[in-house]
Amino acid sequence: MVARPSPSSESCSAGQAAEVIPVDIAAAKAVAIARPVRETERLPLLGAAGRVLATDIGSQMDLPPFDSSAMDGYAVRLAAFAGKGPWRFRVTGRMRAGDPDTCAWEGDAAAVRIFTGAPVPGGFDAVLMQERCERSGDGILIAERPRAWENIRRAGEYVRIGDRLLAEGEALAPQKLALLAGSGVADVEVLRKVRVGLLSTGSELRDPGQSLASGQIYNSNRVLLRAMLAGFAWAEVLDFGIVPDHRDALAEAIGASSGRCDVLVTTGGVSAGDEDHVVAAARSNGASLEVLKVAMRPGKPLKVGVVGGTLFAGLPGNPNATLVTFRQIALPAIRATAGLRDVHPAWFPAAAGFSYAKKRGRTEFVPVRVAGRDGSGAPVLEMLGRGSSANLGAMAQAEGIALLPPEADMIEEGMPLRFEPFCHC
Ligand code: AMP
Ligand code: MG
């Protein structure tokens, strides 16, 4: 874990020019000050979906636990295939899934009718698919000699007793839970949920359902962040509502709310304008804050740091800027606080289906939709809108965000790009 900055390690105080840094450095700085939650709780598997494992989990059994048939067919013994075929065997038993392997089987030449999932009786070392056997009376006729252990899932073939099934810091996706269930694990030790506090700042904001006076707008960021966080079973949201642009009111709200959460995310009021009070309000609560000037669009001004024991992320207020900075910078830090190993956004290779002039040296995040596939199957992206951080319409139509790299001043059709689908947020 990286040490938290002390108040004296502030890289920048108001008025000093902050260095402009790339997005990945900004995200790494935010992740570095995250302090993972430590408290754990024990949950039954059925209540643990999406939660973060607090410990490694070793298998308490072999998987499969016994030799079992992978097919409906006939269990045979290779040693019984003497001379040339075809061979005829009497069918002397029947094994279904769930039957115990307790029967005694007659003679060397016997075959056993067997169904998928049934234990393979001791001494039998191949299962022939029923389609390859000709049934006649109480026997079967087989034309081809089987291979050893054909169509048999051997005990311990997938997992050996004591093997590590899952590691600390993994989120319990459905297939991981299925693996645990398959090896008999009934409950798991998970990290407690990370408490994420949300504070919308801005004197102009009203919530939908309220009436708007002149100069007021509706609060989009509250539901945006609530809904994004609602997708994470490892997070619990504490919503502290809207605070107007008054330094004292903000200071009080930040003081009261930061003590109740592990991470406090604010939106709005973080630029250098006279009416941007978030930094001063956080500092009046003893915050150690780093003013990040990130070479990104949207979202250049943002703040990360610590207020009391709480990670603080002050995001810009334009909804698209909030969305992008939340996903790229705040969320990795929140994921790290939740104890997750895997903290950075998942991105996929794609190709530009558009041309667009941009400023060199700045990473741009633009809303995109998948318009088709190129020859290698990679998504070809259509850019929506013209990059305004206030235009939610384009973002609402998008399937994800494309990253336009800082080294380019012109995006040409066919250029490789990174694509972050929303479903992988
Ligand atoms: P700020 O970051 O406070 O300078 O705000 C930038 C722009 O985003 C301004 O036009 C604000 O009115 C707008 N804005 C700030 N917060 C929100 C919000 N929660 N929902 C919608 N728009 C917002
Ligand atoms: Mg504002």
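Nothing here was measured: the structure is a model prediction, and the numbers come from that model.

A.B. asks: Even after reading the chapter, I still don't get the pairing of strand S7 (residues 110-114), so can you show me in this structure?
C.D. replies: Both faces of the sheet carry side chains from a regular strand, because those side chains alternate between them. With respect to burial, S7 is a largely interior element, five of its five residues being buried. Side chains Ala110, Val112 and Ile114 project from S7 onto one buried face, and the interleaved Ala111 and Arg113 project onto a second face that is buried too. Pairing of strand S5 (residues 73-76) with S7 involves three bridges; the strand directions are antiparallel. Residue pairing for S7: alanine 75 is matched across the bridge by valine 112. Looking at chain direction, strand S6 (residues 87-95) and S7 are connected through five bridges and run parallel. Of the residues in S7, the one forming a bridge with arginine 94 is arginine 113.

A.B. asks: I keep staring at the packing of aromatic side chains and nothing clicks. Help me out?
C.D. replies: What characterises a pair of aromatic rings is the spacing of the ring centres plus the angle enclosed by the ring planes. In the structure shown here, the tally under the stated rule is three aromatic pairs. Between phenylalanine 81 and tryptophan 87, the aromatic rings sit 5.0 Å apart at their centres with planes inclined by 65 degrees, giving edge-to-face as the arrangement. Comparing phenylalanine 81 with tryptophan 87, the two get one shared label, buried. Ring plane angle 65 degrees and centroid distance 4.9 Å describe the contact between phenylalanine 81 and phenylalanine 89, whose orientation is recorded as edge-to-face. In this pair, the class of phenylalanine 81 matches that of phenylalanine 89, namely buried. Members of the aromatic cluster, each reached through a chain of ring pairs, are Phe81, Trp87 and Phe89. Directly above the aromatic system of tyrosine 74 lies the positively charged group of arginine 113, at a separation of 4.9 Å from the ring centroid. A cation over a ring is seen here: arginine 154 above tryptophan 149, with NZ or CZ 3.4 Å from the ring centre.

A.B. asks: Explanation requested: the sheet that holds strand S21 (residues 301-307) in the structure shown.
C.D. replies: Strand pairing in a sheet is mediated by backbone hydrogen bonds. Such pairs are either parallel or antiparallel. Strand order in the open sheet formed by seven strands is S1-S19-S21-S22-S18-S14-S17, and the pairing between neighbours is mixed. Each edge of the open sheet carries a strand with a single partner, namely strand S1 (20-21) and strand S17 (235-243). Running at roughly 165 degrees to strand S19 (residues 288-294), helix H1 (residues 23-32) makes contact with S1, S19, S21 and strand S22 (310-315) of the sheet.

A.B. asks: Got a minute to help me understand the site of ligand 1 in this structure?
C.D. replies: Surrounding ligand 1, one finds 13 residues, the nearest of these being Glu204, Asn219, Ser220, Gly269 and Gly317. Separating a nitrogen atom of ligand 1 from a side-chain N or O atom of asparagine 221 is a distance of 3.1 Å. In this structure, an oxygen atom belonging to ligand 1 sits 2.8 Å away from a main-chain N or O atom of glycine 317. Across the complex, the protein chains shield 77% of the 480 Å² of accessible surface that ligand 1 would expose by itself. Per-class residue counts for the shell around ligand 1 are five nonpolar, seven polar and one charged.

A.B. asks: How should the packing of helix H3 (residues 221-230) against helix H6 (residues 319-337) be read in this particular structure?
C.D. replies: For any two helices packed against each other, the geometry comes down to the angle between their axes and how far apart the axes lie. Packing of H3 against H6 leaves a shortest axis separation of 10 Å and a crossing angle of 30 degrees. For the element pair H3 / H6, the angle class is roughly parallel. Between H3 and H6 lies a crossing whose hand is right-handed. Here H3 contributes Asn221, Leu224, Leu225, Met228 and Leu229 to the contact with H6, which in turn contributes Pro319, Thr322, Leu323, Phe326 and Arg327. Each residue belonging to the contact of H3 with H6 can be placed in one class, and the counts come to seven nonpolar, two polar and one charged.

A.B. asks: Explain the environment of leucine 340 here, please?
C.D. replies: On the secondary structure map, leucine 340 appears in the loop between H6 and strand S23 (348-352). In the structure, leucine 340 is positioned 43 residues away from arginine 297 in sequence and 27 Å away in space, judged by C-alpha atoms. Among residues more than four places away in sequence, those in contact with leucine 340 are Val52, Gly169, Glu170, Ala171, Trp234 and Arg335.

Conventions we followed
- Per chain, residue numbering runs from 1 following the sequence as it is written.
- Written order decides the labels, with chains lettered from A and ligands numbered from 1.
- Two thresholds apply to this predicted model, a pLDDT of at least 70 for residue-level local features and 80 or more for giving and counting side-chain atom pairs, whereas whole-chain, interface and lining totals are computed over all residues.
- Water and hydrogen atoms play no part in the side-chain values, which are based on all heavy atoms of the structure.
- Whether a residue is buried, partly exposed or exposed follows from its accessible area with a 1.4 Å probe, protein chains only, as a fraction of its type maximum: under 20%, in between, or over 50%, in that order.
- Runs of E in the DSSP output that reach at least two residues are strands. Runs of H or I that reach at least four are helices, and both are numbered from the N terminus.
- We call two strands paired when DSSP finds no fewer than two bridges between them.
- Note on aromatic pairs: the rings of Phe, Tyr and Trp (six-membered ring only in Trp) are paired at centre separations within 6.5 Å, and the planes decide the class, stacked below 30 degrees, edge-to-face beyond 60, tilted for the rest.
- Criterion for a charge above a ring: Arg CZ or Lys NZ at most 6 Å from the ring centre, at most 35 degrees from the ring normal.
- Here a residue-residue contact requires only that any non-hydrogen atoms of the pair lie within 4.5 Å.
- A fitted line through C-alpha atoms represents every axis, and for helices the fit uses only the stretch in contact; the resulting angles, taken between N-to-C directions, go from 0 to 180 degrees.
- Being near a molecule or strand, for a residue, means having at least one of its heavy atoms within 4 Å of it.
- Two N or O atoms count as a polar contact when they lie within 3.5 Å, although within protein this holds only if one can serve as hydrogen donor and the other as acceptor, and sequence-adjacent residues are included solely when both atoms are side-chain atoms.
- Note that accessible areas follow from Shrake-Rupley with a 1.4 Å probe, and for residues the cover is restricted to the protein chains shown.
- Each residue is assigned to one of three groups, with Ala, Val, Leu, Ile, Met, Phe, Trp, Tyr, Cys and Pro labelled nonpolar, Asp, Glu, Lys and Arg labelled charged, and all others, Gly among them, labelled polar.
- Angles below 35 degrees are treated as roughly parallel, those above 145 as roughly antiparallel, those between 65 and 115 as roughly perpendicular, and all remaining angles as oblique.
- The hand of a helix crossing depends on one turn: near helix anticlockwise from the far one by less than a right angle means left-handed, and clockwise means right-handed.

By themselves these figures say nothing about function.
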